[in-house]
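Fold and geometry: a report
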Amino acid sequence: MKKVFKILSVALYVFLLVCVAGKLFFEQDFNALVSKLRPTQAKNVRSLSIGVSAPIVSHDPRANDVGSRMYLLQTFESLVRRTSSLELESDLALSYGMLSSTQWEFRIRPNVHFHDGSILTADDVKKCLDISRSESSGLSDIFSTVTSIDVVGDLIHINTKQTDVLLPQKMASALIFKRVGNEFIGTGAYRPSSTGFDRFSEYWGAQPAYEKLSLIPLLTKKEKLAALNSSSVDVLMNIPADVADDFSQKNYSLVVQPGIESDMLLMNSSGLLSNLDFRKAVQSAVNPKTLARFGHGFATVINQLVPPAVFGYDPELTIDKIDLQTEQLFLNSTTLSATTPIVLDLPVGLETFGKTLSSQLSTAGIFISVKNIT
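In short, a report on the structure. In every chain, residue numbers begin from 1 and rise along the written sequence. pLDDT decides what is reported in this predicted model: residues at 70 or higher carry local features, side-chain atom pairs at 80 or more are listed and counted, and totals for whole chains, interfaces and linings draw on all residues regardless. Excluding hydrogens and water, the side-chain values take into account all heavy atoms of the structure.

1. So, the pattern of salt bridges
One speaks of a salt bridge when a side-chain nitrogen belonging to Lys or Arg is within 4 Å of a carboxyl oxygen belonging to Asp or Glu. Tallied over the entire structure, the rule returns 12 salt bridges. A salt bridge links aspartate 60 to arginine 62, with the nearest nitrogen and oxygen atoms 2.7 Å apart. Buried, partly exposed and exposed residues are distinguished by accessible area as a fraction of the type maximum, computed with a 1.4 Å probe on protein chains only: under 20%, between the cut-offs, and over 50%, respectively. A residue is classified by how much of its surface remains accessible, and arginine 62, at 12% relative accessible area, is buried. We note a salt bridge from lysine 170 to aspartate 164, for which the minimum N-O separation is 2.8 Å. Owing to a relative accessible area of 19%, lysine 170 belongs among the buried residues under this scheme. Since its relative accessible area comes to 6%, aspartate 164 is described here as buried. Residues joined in a network through salt bridges with shared partners are Arg46, Arg199 and Glu211.

Shown next as structure tokens:
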């Protein structure tokens, strides 16, 4: 559900749905997804095959498409990385912190080997980041606040034109590499091979459980079902929430991880919706728990722009409850809703969602027309 619903489109406080449809996956017999996890069952497994839902477009670590990143994250690492709960932890940076409002410091981890056997240095990191800052890089946007990068011994100083508290979050997306000719060399737990990936014996961290890893693009539902039926994959990634029940297979279990996608119902603040009381009346009529059911059991209601796992979430933030009686009195005393049309722009395929929302609003005397967009 990568859709944004809007009623004439800014009252973000109406409701937010965080959907984990993109984080559903099946695993066969054991729970092991990323390279550093081990099987929960004691068995001598030497290889792991993962069915992925997007093609691998590029082996360039500056690529930013989903399929390529799945491949790249097995081979390359970043200064800091996101954990399975989406928190940050040190990776190639042994430590990091803010020296001033416009300068971040990252201490490079010692004794880290590239896949060609050479040792990672701060100069390597600077050169890599400078390349990733270039306009031709798929990651150039995350460096928009960076003015320069300096090396001081084993330290990297990243200078910004303004305070950027999100810089560590951005650095988690910037993979570190060394370029030798046309080849990109990383430091990750796996190194590329003719059959996929082989475990890197000189990896600085804990050795992964599997000697060999393969990623198999499975782009259609038919391909995914065939892979499950033949047991040709151990893990199948990214099952759409609306068809998750169709993938029930023997020896496979469905695993759900929290997602970071937020689907929002937005209102603008012009015309009829410029009236704050009217926007509150709309909010009072919407039942977000009912709308969350369109996530097929894999969505929940949140009260702010980001879910709990994302930086910026404030657990103490609450939304004032709307006095339903007061808002109903307002609607009864005005002719705005009857004389001014409200249009709901909704992507094609969500017609039932539109009918449900329209029904909720109509009970409060608010009537909308649905416009399907492609």
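2. Remarks on the nonpolar core
With 48 residues, the main nonpolar core has Leu79, Phe106, Leu129, Ile158 and Met171 as its most contacted residues. The way it works is that DSSP assigns letters per residue, a run of H or I at least four long becomes a helix, a run of E at least two long becomes a strand, and they are numbered from the N terminus. For this core, the element with the highest residue contribution is helix α2 (residues 122-132), accounting for 4 residues. Counting residues in hydrophobic clusters, the runner-up holds 20 residues, among them Phe278, Ala285, Val286 and Leu344. Only buried residues count toward a nonpolar core. Its members are Ala, Val, Leu, Ile, Met, Phe, Trp, Tyr and Cys residues joined through side-chain atoms within 4.5 Å.

3. So, the side chain of serine 68
Residue placement: serine 68 occurs in helix α1 (residues 66-75). A relative accessible area of 0% places serine 68 in the buried class.

4. Looking at the packing of aromatic side chains
Given two aromatic rings, their pairing is described by the distance between the two centres and the angle made by the two planes. Stacked, edge-to-face and tilted are the three classes for Phe, Tyr and Trp ring pairs, Trp counted by its six-membered ring, which pair at centre distances within 6.5 Å; planes under 30 degrees apart are stacked, over 60 edge-to-face, the rest tilted. For the coordinates displayed, the defined rule picks out 5 aromatic pairs. Measuring from ring centre to ring centre gives 5.4 Å for phenylalanine 177 and phenylalanine 184, while their planes differ by 80 degrees; the resulting arrangement is edge-to-face. According to the relative accessible area criterion, phenylalanine 177 is buried, its value standing at 3%. Judged by relative accessible area, phenylalanine 184 falls into the buried class, the value being 15%. Considering the side-chain rings of tyrosine 203 and tryptophan 204, the 5.4 Å spacing of their centres and the 45 degrees angle between planes classify their relative orientation as tilted. In this structure tyrosine 203 comes out as buried when scored by relative accessible area, which is 6%. Tryptophan 204 sits in the partly exposed class, given a relative accessible area of 25%.

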